[in-house]
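# A structural walkthrough
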Amino acid sequence: MNQAVQEKPAAKRKPKETGVPDNKKYLHPLMTKNYGKWRYHDRPRPGVLRHVAHSGDQIWTVRAGTQRQMDVGTIRLLCDIADKYAEGHVRFTIRSNIEFMVSKAEKVDPLIAELEKHGFPVGGTGNSVSMIAHTQGWLHCDIPGTDASGVVKALMDELIVEFKREEMPNRVHLSTSCCEINCGGQADIAIIVQHTKPPVINHDLVANVCERPTVVARCPVAAIRPAMVNGKPSLEIDETKCMCCGACYPPCPPMQINDPEYSKLAIWVGGKNSNARGKPTFMKMVASGLPNNPPRWPEVNEVVTRILRVYKEDARPWERMADWIDRIGWPRFFEKTELPFTKYLIDDWRGSRSTFNASTHIRF
Ligand code: SF4
Ligand code: SF4
């Protein structure tokens, strides 16, 4: 008999599981014990949730805001606080809050006092202004036009009271995005960079630094073409097509778009991701051309706090920003907030499907 036939087939390699890990091993033991058996939950005070199980067990969740981008010392401090009050169990929410799971009522107030002592405000639950979601910025991304976390810090210094109280008509989610691609997603109020001029090309550097096909492919509206300039291979931009998104800058640094004067900030309102009470909505731009003015961004701060103040006074209970604007209409929104209206705002342009570069093929 053929020897190859007698040999046992090699054991098949098992697939490696790379999906979401099983969360049970990370949960507080009380949560694992009562998983799926909760009777109700309530909020004894802003920043604290209490879950009551059918078994009679209770667990308190204390939510605190963080600065999102944290050094090791801060993370160690938060872990020490978790060991002391929460049997070592914490989790982070998508808006960079930290939540401590506490099994005894008498530990809740000391935990809050300790968090506040170290500068972590407790709040962000219910109808409050959430911590601001912000995009990666200078730390992890290659195209930011501003320091998203700096805008967050400047804004939250103003809004900390609204984070710690639950006095808004409904929850208010805020986000900041450091380029027009806006990986910050939808929010009730979003602050987004707005480049107002196409990139300026340094033709002497393009041939040395840049991979031209990569740059050409990167443009979402096919506005970049290879070109010979002064006898050297370079690029040119069709400025009638360019929408100033800034995506070409990373593969080609000689195409500089960030500009102290022409890179601005815009405010968008009325976005929401959830299906709760109404379908998800896209936000619309209501203020543009605000100066990108570090370190405190006072002009942005003024517009955001003004919109929030009017929304708080005028919206009915449980109306999200988009519901409120739907009810009163855009003309009333601009009247009430006293923001100047131009034809470029609340754009509902539908032409993107035919003009966006939706494939990876290079087109000229
Ligand atoms: S918003 Fe733009 S620049 Fe900022 S992290 Fe996202 S993709 Fe990068
Ligand atoms: S990638 Fe964006 S900024 Fe660059 S040319 Fe295209 S549209 Fe303009």
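These remarks concern the structure in this document. (Residues numbered from 1 in each chain as written. Chains lettered and ligands numbered in written order. Predicted model: local features only at pLDDT ≥ 70, side-chain atom pairs only at ≥ 80, totals over all residues. Heavy atoms only, no water.)

## Looking at the nonpolar core
Short version of the rule: Each nonpolar core is a collection of buried residues, namely Ala, Val, Leu, Ile, Met, Phe, Trp, Tyr and Cys, held together in the definition by side-chain atoms within 4.5 Å. To sort residues, take the accessible area from a 1.4 Å probe on protein chains only and compare it with the maximum for the residue type: under 20% means buried, over 50% means exposed, and anything in between is partly exposed.
One finds Ile189, Ile267, Val286, Val304, Ile307, Trp324 and Phe333 to be the most contacted residues of the largest nonpolar core, which totals 42 residues. Counting 19 residues, the second largest nonpolar core, distinct from the first, contains Met70, Ala82, Ala86 and Ile112.

## Section: the site of ligand 2
Just so we agree on the cut-off: Residues are counted as near a molecule or strand when any one of their heavy atoms sits within 4 Å of it. Each residue gets one label: Ala, Val, Leu, Ile, Met, Phe, Trp, Tyr, Cys and Pro are nonpolar, Asp, Glu, Lys and Arg are charged, and the others, such as Gly, are polar.
Around ligand 2, a shell composed of Pro199, Cys219, Pro220, Val221, Ile224, Cys242, Met243, Cys244, Cys245, Gly246, Cys248 and Ile257 is seen. For the shell around ligand 2, the residue count by class is 11 nonpolar, one polar and no charged.

## Things to note about the side chain of Thr176
The following threshold applies: Numbering of helices and strands runs from the N terminus, with a helix taken as a DSSP run of H or I at least four residues long and a strand as a DSSP run of E at least two residues long. Any two residues having at least one pair of non-hydrogen atoms within 4.5 Å are treated as being in contact.
Counting through the fold element by element, Thr176 comes out in strand β7 (residues 174-177). Residues contacting Thr176, with those up to four places away along its chain left out, are Ile132, Ala133, His134, Thr135, Ala148, Val151, Val152 and Ile191.

## Some points on the packing of helix α8 (residues 298-314) against helix α9 (residues 321-328)
Going by this rule: All axes are obtained by fitting lines to C-alpha atoms, using only the stretch in contact for helices, and the reported angles, taken between N-to-C directions, cover 0 to 180 degrees. In these notes the angle categories are as follows: under 35 degrees is roughly parallel, over 145 is roughly antiparallel, 65 to 115 is roughly perpendicular, and the rest is oblique.
α9 packs onto α8 with a crossing angle of 70° between their chain directions and a minimal axis gap of 11 Å. By the criterion of interaxial angle, the relationship of α8 to α9 is roughly perpendicular. Across from Ile307, Val310, Tyr311 and Asp314 in α8, the residues of α9 making contact are Met321, Trp324, Arg327 and Ile328. Residue classes in the contact of α8 with α9 are distributed as six nonpolar, no polar and two charged.

## Notes on the site of ligand 1
The environment of ligand 1 is made up of Thr135, Gln136, Gly137, Cys141, Ile143, Pro144, Ser177, Cys178, Cys179 and Cys183. Split by residue class, the shell around ligand 1 holds six nonpolar, four polar and no charged.

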